[in-house]
Amino acid sequence: MKNIVILISGNGSNMAAIVQTAHLEHWATQWDVHVAAVISNKTDAKGLDFARSHGIATEVVNHKAYANRENFDAAIVQHINKFEDANHPALVVLAGFMRILTPDFVNRYAGRLVNIHPSLLPAFPGLHTHQRALDAGCKVAGATVHLVTPEIDHGPILAQAIVPVLSDDTADTLAARVLTQEHLIYPRAIAKLLQIS
Ligand code: GRF
C-alpha cells in the first residue's frame, strides 16, 4: 500500500492531522507513502481547502446526485481507482465521512479501509456519541480507530485513546477533548497498519 485516499464530509481535521504527520515524518521520502487524494461528498467541506492548499488531489462526489448508495459508491471507487493498481492497493481512510457505505464497497477494501469513531467502541456506535456518554454518566470517553466491516462502527480495533469526562462537560467540550486525541491516534494507527513505524 503506497497511496492513501481520505474520504471526508466536513472539517477534515483528522485528514489534516494525517497529512501533517506524513509530512513531519517524511512518509513520502522514507516510505514512499503519499496522501494522494481527498474525496468529499460535500462541495463545501472545509477540509477540501486544506487539501487543495497542500497540493493534494481533491474530488467532490455529491451523494445527492446519485439515485442510490450503489451508484454513489461506484463513483467513489472510480476515483480511488486512479490512485491504485493491482500491485499498489490504496489505503482508504474515512475521516469524518458521514455516509454509510455498501457491503460491496466495504468488502472491496477489506483490510485496508479504516475509520475513526468518537467513542470507546464497542460503546456508543452511531451518532451523538458525546451526549450519549454524558447521559450514561461515563467517567471516561474517547475515540477508536478500527478496520471497517459491513456492520457500522464495528470491526477490529486498531487503536483507542481515553480522555476524562469532567463534571461540567457539554457534548461540545467533550468532543473537543476527544478530537485532540483523535489527531494523535489516527496517524499512528495508519503508520502501524502500513508498517512504517
Ligand atoms: C471526528 O470526531 C470523527 O471521529 C468523527 O467525525 C469527526 C470528524 O472530524 N467520525 P474532522 O472532520 O476530522 O474534523
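Above this note sits the structure.
Keep in mind that this is a model prediction, so the values were computed, not measured.

Conventions adopted
Residues numbered from 1 in each chain as written. Predicted model: local features only at pLDDT ≥ 70, side-chain atom pairs only at ≥ 80, totals over all residues. Heavy atoms only, no water. 1 Å grid on protein atoms, 1.4 Å probe; cavity = no way out; pocket = protein on both sides within 12 Å on 5 of 7 lines; lining within 4 Å. Points joined across faces, edges and corners; volume = space filled by probe spheres on them. Helix = DSSP H or I, 4+ residues; strand = E, 2+ residues; numbered from the N terminus. Nonpolar A, V, L, I, M, F, W, Y, C, P; charged D, E, K, R; others polar. Domains from an automatic or database assignment. Axes fitted to C-alpha atoms, helices over the stretch in contact; angles between N-to-C directions. Parallel < 35°, antiparallel > 145°, perpendicular 65-115°, else oblique. Left-handed = near helix turned anticlockwise from the far one by under 90°. Contact = heavy atoms within 4.5 Å. Buried < 20%, exposed > 50% of the residue type's maximum accessible area, 1.4 Å probe, protein only. Right-handed = clockwise from strand over helix to strand, strands pointing away. Pairing = 2+ DSSP bridges.

1. A few points about the layout of surface pockets
So, point 1. There is about 1,100 Å³ of room inside the largest pocket.
So, point 2. With six residues, helix H7 (residues 171-193) is the single largest residue contributor to the lining of the largest pocket.
So, point 3. Of the residues that constitute the lining of the largest pocket, the class distribution is 17 nonpolar, 17 polar and six charged.
So, point 4. If you count residues domain by domain, the lining of the largest pocket takes at least three from each of domain 1 (1-109) and domain 2 (116-197).
So, point 5. Empty space within the second largest pocket amounts to approximately 290 Å³.
So, point 6. Every residue lining the second largest pocket is counted, 14 residues in all, and those nearest its centre are Val-19, Ala-22, His-23, Ala-28 and Val-35.
So, point 7. For the lining of the second largest pocket, the elements supplying multiple residues, two or more each, are helix H1 (13-24), helix H2 (27-31) and strand S2 (34-40).
So, point 8. With four residues, the single largest contributor to the lining of the second largest pocket is H1.

2. Concerning the packing of H1 against H7
So, point 1. Running from N to C, H1 and H7 cross one another at 50°; their axes reach a closest spacing of 9 Å. In terms of axis orientation, H1 runs oblique to H7. Every pair of crossing elements has a handedness; the one defined by H1 and H7 is right-handed. Counting all contacts with H1, which are made through Ser-13, Asn-14, Ala-17, Ile-18 and Thr-21, the residues of H7 involved are Leu-179, Glu-182, His-183, Tyr-186, Pro-187, Arg-188 and Ile-190.
So, point 2. Among the residues making up the contact of H1 with H7, the classes are represented as six nonpolar, four polar and two charged.

3. Things to note about the environment of Val-5
So, point 1. Mapped onto the secondary structure, Val-5 falls in strand S1 (residues 3-8).
So, point 2. For Val-5 and His-79, which are 74 residues apart along the polypeptide, the C-alpha to C-alpha distance reads 9.4 Å.
So, point 3. Ignoring sequence-local partners within four residues, the contact set of Val-5 consists of Ala-37, Ile-39, Ile-80, Phe-83, Ala-90, Leu-91, Val-92 and Val-93.

4. A few points about the pairing of strand S4 (residues 91-94)
So, point 1. What you see with S4 is no split at all: Leu-91 and Val-93 on one side and Val-92 and Leu-94 on the other are buried throughout.
So, point 2. At this point the chain moves from S4, through helix H5 (residues 103-108), to the parallel strand S5 (residues 113-117), and the crossover so formed is right-handed.

5. Notes on the sheet that holds S5
So, point 1. Across the sheet, seven strands lie side by side as S3-S2-S1-S4-S5-S6-S7; this open sheet has mixed pairing. In this open sheet, the two edge strands, each paired with only one partner strand, are strand S3 (57-60) and strand S7 (157-164). Adjacent strand axes in the sheet meet at a mean angle of 20°, parallel and antiparallel pairs treated alike.
So, point 2. Where strand S6 (residues 140-147) lies against S7, seven bridges are found, and the strand directions are antiparallel. Among the inter-strand pairings, Val-140 is bridged to a residue of S7, identified as Pro-164.
So, point 3. Running over the sheet, H1 touches S1, S2, S4 and S5 and is turned about 165° from S2.
So, point 4. Most of the contacts of helix H4 (residues 69-81) go to S2, to which it runs at about 160°, and overall it touches S1, S2, S3 and S4.

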